[in-house]
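Structural features, examined
The chain contents come next:
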Amino acid sequence: MACPWLSYETRATAPIKIGDSRLVLFSRALIVRLPWLSGGLVWNRPVAALLISPTGREEILPISDFTRRFRWILLAIGAFVAGMIWLLYRQPKRRETYD
């Protein structure tokens, strides 16, 4: 059963003519539609480009999303630093001794 308020799609543009070649761009979109609000959230990211030469040869050129990779690295560094700070400043458990 498909979720009515969440979808993940791969979309292609119309072919773009560059010289004798054609270029088709592909992107992925995460679409969130909230039923109680008008509108929603759309997050697009580039995925690949398809280059079609005049002879009909097709070549897929992957697109590396450096910004996305950089954000994940920053998130990992932040989690590591937060864990180190928590380990350094936590209060040790006190053991009660009964005489």
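Once a new chain begins, its residue numbering starts again from 1 and follows that chain's sequence as written. The predicted origin of the model limits local features to residues at a pLDDT of at least 70 and limits the giving and counting of side-chain atom pairs to 80 or more, whereas totals for whole chains, interfaces and linings rest on all residues. Water and hydrogen atoms play no part in the side-chain values, which are based on all heavy atoms of the structure.

**Considering the overall build of the protein**
Which entries qualify depends on this criterion: The secondary structure listing takes helices from DSSP runs of H or I that are at least 4 residues long and strands from runs of E that are at least 2 residues long, numbered from the N terminus. Every radius of gyration here is taken over C-alpha atoms, with the globule rule written as 2.2 Å times N^0.38, N being the number of residues. Exposed residues in this analysis have more than 50% of their type's maximum accessible area, buried residues have under 20%, and partly exposed residues fall in between, with area computed by a 1.4 Å probe over protein chains only. Whether two residues are in contact is decided by their heavy atoms, any of which lying within 4.5 Å being enough. For every accessible area listed, the method is Shrake-Rupley and the probe measures 1.4 Å; residues are considered covered only by the protein chains on display.
Across its full length, the protein carries one helix and five strands. Of the regular secondary structure in the protein, the N- to C-terminal order runs β-β-β-β-β-α. Relative to the compact-globule value of 13 Å for 99 residues, the protein shows a C-alpha radius of gyration of 25 Å, a clear excess of over 25%. Oriented by its inertia axes, the alpha-carbon framework of the protein measures out at about 90 × 35 × 25 Å. Among the 99 residues that make up the protein, the fraction classed as buried is 13%. In the protein, of all internal contacts separated by at least 6 residues, the share reaching a separation of at least 24 is 30%. Accessible surface, the protein: about 9,000 Å² in total, of which carbon and sulfur atoms supply 64%.

**Some points on the confidence of the model for the protein**
Here is the rule: As a per-residue quantity, pLDDT reports the predictor's confidence and falls between 0 and 100.
Of the residues in the protein, 95% reach a pLDDT of 70 or more, and the chain-wide mean stands at 88. Across the protein, the secondary-structure element scoring lowest on mean pLDDT is strand β4 (residues 40-52), at 90, and the one scoring highest is strand β5 (residues 58-62), at 94.

**Things to note about the side chain of R45**
Defined as follows: Here the positive residues are Lys and Arg and the negative ones are Asp and Glu; neither His nor the chain ends is included. Here a salt bridge means any side-chain nitrogen of Lys or Arg lying within 4 Å of a carboxyl oxygen belonging to Asp or Glu.
Along the chain, R45 falls in strand β4. Put simply, R45 is tucked away with no salt bridge, and the nearest opposite charge, on D65, sits 5.0 Å away. The residues touching R45, leaving out its near neighbours within four places in the chain, are Y8, S27, R28, D65 and R68.

**Overview of the pattern of salt bridges**
Counted under the stated rule, the structure contains two salt bridges. Among the salt bridges present, the one from E9 reaches R11, with a minimum N-O distance of 2.7 Å. Owing to a relative accessible area of 27%, E9 belongs among the partly exposed residues under this scheme. In this structure, E59 and R57 form a salt bridge, with 3.9 Å as the shortest nitrogen-oxygen distance. Residue R57 is classed as exposed on the basis of its relative accessible area of 54%.

**Observations regarding the side chain of S7**
Mapped onto the elements of the fold, S7 is located in strand β1 (residues 6-12). On the basis of relative accessible area, S7 is assigned to the buried category, the value being 19%. If we ignore the near neighbours within four places in the chain, the residues touching S7 are A29, L30, I31 and R33.

**Comments concerning the pairing of β5**
Two faces make up the sheet, and in a regular strand the side chains alternate between them. As a reminder of what qualifies: Paired strands are those between which DSSP finds at least two bridges.
Counted residue by residue, β5 has zero buried out of five residues, so it is predominantly exposed. Adjacent in sequence and paired antiparallel, β4 and β5 are bridged by five residues, among which G56 carries a positive phi angle near 100 degrees.

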